[in-house]
Amino acid sequence: MSQRKMLLIDTDTAGDDCTALLLAACWPGVELKAVTTVAGNVPLSLGTRNALTTLEIAERPDVPVYPGAVKPLMRELFTAEHIHGSDGMGGSNFPEPSLQPQDEHAAQAIVRLINEYPGEIEMIAQAPLTNLALAYSLDPSIVGKLKRLWVMGGANNYIGNDSPAAEFNFFVDPEAANIVVHAGFNLTMMGWDVCHRSPVMAEEHFREIEAMNTAFASFYMKVLRTGMELGLKRTGQRRLSHPDTLTVAMAIDNRIMSRSGRYYIDVEYKSELTRGYSLVDMNGVLKKPPNAEVCLDADRELFREMVFTLLQQH
Ligand code: BDR
Ligand code: CA
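Small disclaimer: the values here were computed from a predicted structure and weren't measured. (Residues numbered from 1 in each chain as written. Chains lettered and ligands numbered in written order. Predicted model: local features only at pLDDT ≥ 70, side-chain atom pairs only at ≥ 80, totals over all residues. Heavy atoms only, no water.)

**Observations concerning the coordination of the calcium ion (ligand 2)**
Now for step 1: Coordination sphere of the calcium ion (ligand 2), protein contribution only: Asp 12 (OD), Asp 17 (OD), Asp 17 (OD), Gln 126 (O) and Asp 244 (OD), at 2.3 to 2.6 Å.
Now for step 2: Donor residues binding the calcium ion (ligand 2) come from one chain and are separated in sequence as D-x4-D-x108-Q-x117-D. In this pair, Asp 12 sits in the loop between β1 (5-11) and α1 (16-26) while Gln 126 sits in strand β4 (residues 121-126), placing the two residues 114 residues apart along the sequence.
Now for step 3: Residue Asp 12 is classed as buried on the basis of its relative accessible area of 1%.
Now for step 4: Given the relative accessible area of 1%, Gln 126 is considered buried. (Donors = N, O, S within 2.8 Å, 3.2 Å for Na, K, Ca; no water. Helix = DSSP H or I, 4+ residues; strand = E, 2+ residues; numbered from the N terminus. Buried < 20%, exposed > 50% of the residue type's maximum accessible area, 1.4 Å probe, protein only.)

**Here's the deal with the site of ligand 1**
Now for step 1: Around ligand 1 sit Asp 17, Asn 41, His 84, Gln 126, Met 152, Asn 161, Glu 167, Phe 168, Asn 169, Pro 243 and Asp 244, and that is every residue in its neighbourhood.
Now for step 2: In this structure, an oxygen atom belonging to ligand 1 sits 2.7 Å away from a side-chain N or O atom of Asn 161.
Now for step 3: Contact with the protein chains removes 95% of the 280 Å² of surface that ligand 1 exposes when unbound.
Now for step 4: Those elements that provide at least two residues to the shell around ligand 1 are α7 (168-172) and α13 (243-252).
Now for step 5: The class makeup of the residues in the shell around ligand 1 is three nonpolar, five polar and three charged. (Near = heavy atom within 4 Å. Polar contact = N/O pair within 3.5 Å; in protein donor to acceptor, adjacent residues only side chain to side chain. Areas by Shrake-Rupley, 256 points an atom, 1.4 Å probe, with all protein chains shown as cover. Nonpolar A, V, L, I, M, F, W, Y, C, P; charged D, E, K, R; others polar.)

**Topic: the pairing of β1**
Now for step 1: Here β1 lies mainly inside the structure; seven of its seven residues are buried.
Now for step 2: Taking every second residue as pointing to the same face, both faces of β1 are buried, with Lys 5, Leu 7, Ile 9 and Thr 11 on one and Met 6, Leu 8 and Asp 10 on the other.
Now for step 3: Of the pairings in the sheet, the one linking β1 to β4 comprises six bridges and is parallel in character. Each bridged residue has a counterpart across the sheet, and for Ile 9 the counterpart in β4 is Ile 124. (Pairing = 2+ DSSP bridges.)

**A short note on the sheet that holds β1**
Now for step 1: In spatial order, the strands read β3-β2-β1-β4-β5-β6-β12-β9; together these eight strands make up an open sheet with mixed pairing. Here the strands that pair on one side only, and so sit at the sheet edges, are β3 (65-67) and β9 (257-263). For this sheet, the mean angle separating the axes of adjacent strands, direction not counted, is 25°.
Now for step 2: Pairing between β4 and strand β5 (residues 148-152): four bridges, direction parallel. Counted as the bridge partner of Ile 124 is Trp 150 from β5.
Now for step 3: Across the sheet, helix α2 (residues 44-57) lies against β2 (30-37) and β3, angled at about 160° from β2, the strand it touches most. (Axes fitted to C-alpha atoms, helices over the stretch in contact; angles between N-to-C directions. Contact = heavy atoms within 4.5 Å.)

Nothing here speaks to function; it is geometry throughout.
Put into structure tokens, the structure is as follows:
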């Protein structure tokens, strides 16, 4: 049996999404089948452009990019330029990419690809779950055909980021998140708590990256600039949580998810106060069967090794 990993990434491409894409596009043994984009961190057109720019830098013009939903299922879009810069790329203003997006809608592309490769694709959803909820509504049979779904979203009974109660991706489209967690996918949740409890990259790591002097290292420092500056302002030190890149790294090398457990999870969508809150029933109080594997900790050393290897490469 082939050892290659067939990946499909759904992204609201900005900041950490870019390095996550770079990793999937360049890591040996990974076959990145496609990238689908969705409104989230930035509006859809900008996120799509950033995905194309990233694939251009990765020298992967062969990876198709399918734009999807321009807004969440039921709500107005809430964006995060304050975290990722006005262009979503640390204010670096990269030139217009020469690559072009595909005409097919992301939700249709997701359905088509999963049906073309039943049991083979692992999908990483690192953005609001709008495209995946739409894909599921178009064809619920994808649930049994997707090998594994990695969701960067939610938080395991932990503080949120853009709301006190919720992580950004679940907050932006809580209805979509609710649909996806109850759909029956072979789902792994990589929540905000895992990467926020202690920083994944800190000052000493950035110094190492700066010293690499490669095109990828310079891209990394540019696209993550706004996030790093925010860390500096808040804590006196540059630091990053890397939720999306960490999720892709875990999908590529499962050892990076150093601890996990199976639990029942749910997403709040009715209350405005706790919109997007993710419940993880750690004590089994609700007596409901587990619907997700929940990541409880990450091997940060192994993750950094992977990112350093990537950034040294080119
Ligand atoms: C998530 O929200 C976005 O800002 C990041 O891209 C990541 O997917 C973290 O809450
Ligand atoms: Ca993201």
